[in-house]
Structure formats: structure tokens, C-alpha cells
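# Reading the structure
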Protein chains: 2
Amino acid sequence: MVRFLVLYQRPTDVAAFDHHYYDVHVPLAKKLPGLRGYTVSRNPSVVRGPEPYYLIAELEWDDIASLQRDFASPLGQDIARDVDTLAELCPGIHSTIYELHAL
Amino acid sequence: MVRFLVLYQRPTDVAAFDHHYYDVHVPLAKKLPGLRGYTVSRNPSVVRGPEPYYLIAELEWDDIASLQRDFASPLGQDIARDVDTLAELCPGIHSTIYELHAL
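Here the structure is a predicted model, which means the values were calculated and not measured.

Before going further, it helps to spend a moment on the overall build of chain A. Helices and strands together make up the secondary structure of chain A, namely three helices and four strands. When the elements of chain A are put in sequence order from the N terminus, they spell out β-α-β-β-α-α-β. Principal-axis analysis of the C-alpha atoms gives chain A an extent of 35 × 35 × 20 Å. Of all 103 residues assigned to chain A, the portion counted as buried reaches 47%. A fraction of 75% describes how many contacts in chain A between residues 6 or more apart in sequence connect residues 24 or more apart. Put simply, chain A shows about 4,900 Å² of open surface, and 53% of that area lies on carbon and sulfur atoms.

This next bit is on the nonpolar core. Side chains that are nonpolar tend, in soluble globular proteins, to be buried together. Among the nonpolar cores identified, the biggest contains 27 residues, and B:Tyr8, B:Phe17, B:Tyr21, B:Tyr38, B:Ala57 and B:Leu59 are the most heavily contacted of them. Only β1 (2-8), α1 (14-29), β2 (37-48), β3 (55-61), α3 (74-89) and β4 (93-102) of chain B provide two or more residues apiece to this core. The dominant element in this core, judged by the number of residues it contributes, is α3(B), at six residues. Leave out the neighbours within four places in its chain, and B:Tyr8 touches B:Phe17, B:Tyr21, B:His25, B:Tyr53, B:Tyr54, B:Leu55, B:Ala57, B:Leu86, B:Cys90, B:Gly92 and B:Ile93. A:Tyr38, A:Leu55, A:Leu59 and A:Ile97 belong to the second-largest nonpolar core, a separate cluster that totals 26 residues.

It is worth spelling out the relation of the copies chain B and chain A at this point. Mapping chain B onto chain A calls for a screw motion: a turn of 180° about the axis and a shift of 0.0 Å along it, with 0.0 Å RMSD after fitting. The transformation just described matches what one would write down for a two-fold rotation axis. Most of the interface of chain B is mirrored in chain A, where 100% of its interface residues are also at the interface.

Packed helices, taken two at a time, are described by their axes: the angle between them and the distance between them. Residue and element names in this part refer to chain A. The N-to-C vectors of helix α2 (residues 64-72) and helix α3 (residues 74-89) enclose an angle of 75°; their axes lie 4 Å apart at closest approach. Comparing the axis directions of α2 and α3 gives the class roughly perpendicular. Seen from α2, the contacting residues are Asp70, Phe71 and Ala72; seen from α3, they are Pro74, Gly76 and Gln77. By residue class, the composition of the contact of α2 with α3 is three nonpolar, two polar and one charged.

Our focus in this paragraph is the pattern of salt bridges. Across all of its chains, the model carries ten salt bridges over all chains by this definition. The salt bridge partner of A:Glu58 is B:Arg3, with a shortest N-O separation of 2.9 Å. Remark: B:Arg3 occurs in strand β1 and A:Glu58 occurs in strand β3 (residues 55-61); the pair is interchain, linking two chains. Side by side, A:Glu58 and B:Arg3 carry an identical accessibility label, which is buried.

Cut-offs and rules
- Residues numbered from 1 in each chain as written.
- Chains lettered and ligands numbered in written order.
- Predicted model: local features only at pLDDT ≥ 70, side-chain atom pairs only at ≥ 80, totals over all residues.
- Heavy atoms only, no water.
- Helix = DSSP H or I, 4+ residues; strand = E, 2+ residues; numbered from the N terminus.
- Buried < 20%, exposed > 50% of the residue type's maximum accessible area, 1.4 Å probe, protein only.
- Contact = heavy atoms within 4.5 Å.
- Areas by Shrake-Rupley, 256 points an atom, 1.4 Å probe, with all protein chains shown as cover.
- Core = buried A, V, L, I, M, F, W, Y, C linked by side-chain atoms within 4.5 Å.
- Least-squares fit on C-alpha atoms with pLDDT ≥ 70 in both.
- Axes fitted to C-alpha atoms, helices over the stretch in contact; angles between N-to-C directions.
- Parallel < 35°, antiparallel > 145°, perpendicular 65-115°, else oblique.
- Nonpolar A, V, L, I, M, F, W, Y, C, P; charged D, E, K, R; others polar.
- Salt bridge = Lys/Arg side-chain N within 4 Å of Asp/Glu carboxyl O.

Purely spatial values, then, with no claim about function.
Okay, here's the thing in C-alpha cells:
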């Protein structure tokens with residue numbers, strides 16, 4: 001399993017970010033054929049470190065090949081451009097892809 | 001489902017951190033009775049943002065009550081103190097608890 005973790009700091013315009021995220025971005029991302037799971041954080045609290053991220057989104061694919069196929073598709077490229085729109089409302093976005101290793 | 005996400009920046013002493021993390025910390029944490037899943041990142045790559053976190057650990061509980069029960073137990077307190085040892089080897093630790101909301 002491969003996870004795409006996206007950490008969003010507090011947006012400059014929370015209402016505009018939420019509207020764009022849930023009404024535009026999520027419906028686009030959910031069309032990706034290889035997507036196996038998509039969760040967002042609720043009620044975050046920090047244990048160590050500065051203030052909690054505003055939103056933590058986690059998207060999963062079976063493997064890196066299927067993620068790369070989705071990211072390279074025309075839809076994937078539309079979604080990447082849509083993240084540029086989100087980044088205008090939320091300058092602090094940190095996203096990482098990694099394989100999940102169960103302990 | 002509740003997730004405890006721990007983001008570790010690159011340790012000052014990678015070998016000592018890895019040794020302590022996998023040989024001391026993980027075996028302790030796996031004894032927590034309410035723990036339902038524990039994964040760590042492999043082969044991370046950054047999509048947006050600075051360099052990837054050295055390690056991303058994700059631990060799961062059924063709900064916030066069972067997580068809090070485990071954290072408050074004597075074992076949970078031992079583990080919190082053990083994180084202080086990890087923090088000496090890795091000053092940049094950011095950890096957050098949140099509920100998972102499936103989209």
C-alpha cells in the first residue's frame with residue numbers, strides 16, 4: 001500500500017479553502033481510478049510541536065505504479081493544477097508519498 | 001478510528017536513532033493493548049514542500065477513549081519518556097492525534 005500524505009497549514013481564507021477543497025478538489029480526486037482510500041482529519045490535537053495542521057489528507061493506492069499512472073493521467077494533471085489553486089488559499093502545503101510498512 | 005501521526009525530521013545521529021526506535025521504542029509501543037495498527041514510511045518522496053520527513057509513523061486506535069486510556073497507563077507514560085530520549089537524537093518531532101473521516 002502507498003500513502004499520499006498532504007499536510008495543510010491554516011489557510012489564509014478558511015471559508016474559501018473549505019469550499020474549494022470539499023466542493024472542487026475532493027470530487028476531482030475521487031475520480032482517480034486507482035484511489036483505494038481517502039480520509040481527512042477531524043478534531044486534531046497536537047502532542048508535540050507547534051499548532052496542529054489545519055487539515056491532514058491521506059490518499060491510498062495499491063502500489064507506486066498505480067499512483068504514478070493516476071498522477072500522470074490528464075485527470076491527475078488537472079488535479080495537480082487544482083492544488084495550485086488551493087496553494088493560493090493555503091501557502092503551507094507539505095505532501096509526501098511513501099510505502100506503508102506494517103510493524 | 002483515531003490516528004496518531006508522528007513526523008520525524010532527519011535525526012542528528014541516524015544510526016543511534018534507528019537503533020533506539022526499532023529496538024526499544026517500537027517493542028514498547030506494540031505492547032499497548034488498544035493499539036490496532038502501526039506503520040512506518042518506506043522510500044518517501046516529496047511532492048510539495050521541503051525535504052521528506054526521515055520517518056513517518058502512524059499508530060491507530062479504535063477511538064479517542066482507548067488511545068487516552070493507553071497514553072495514561074504506566075506503560076504509556078514509559079513510552080512518553082522514551083520519546084524524550086528519541087527527541088535528543090531527533091530534535092524535530094511533530095505529532096498529532098486526529099479522527100479519521102472517510103470521504
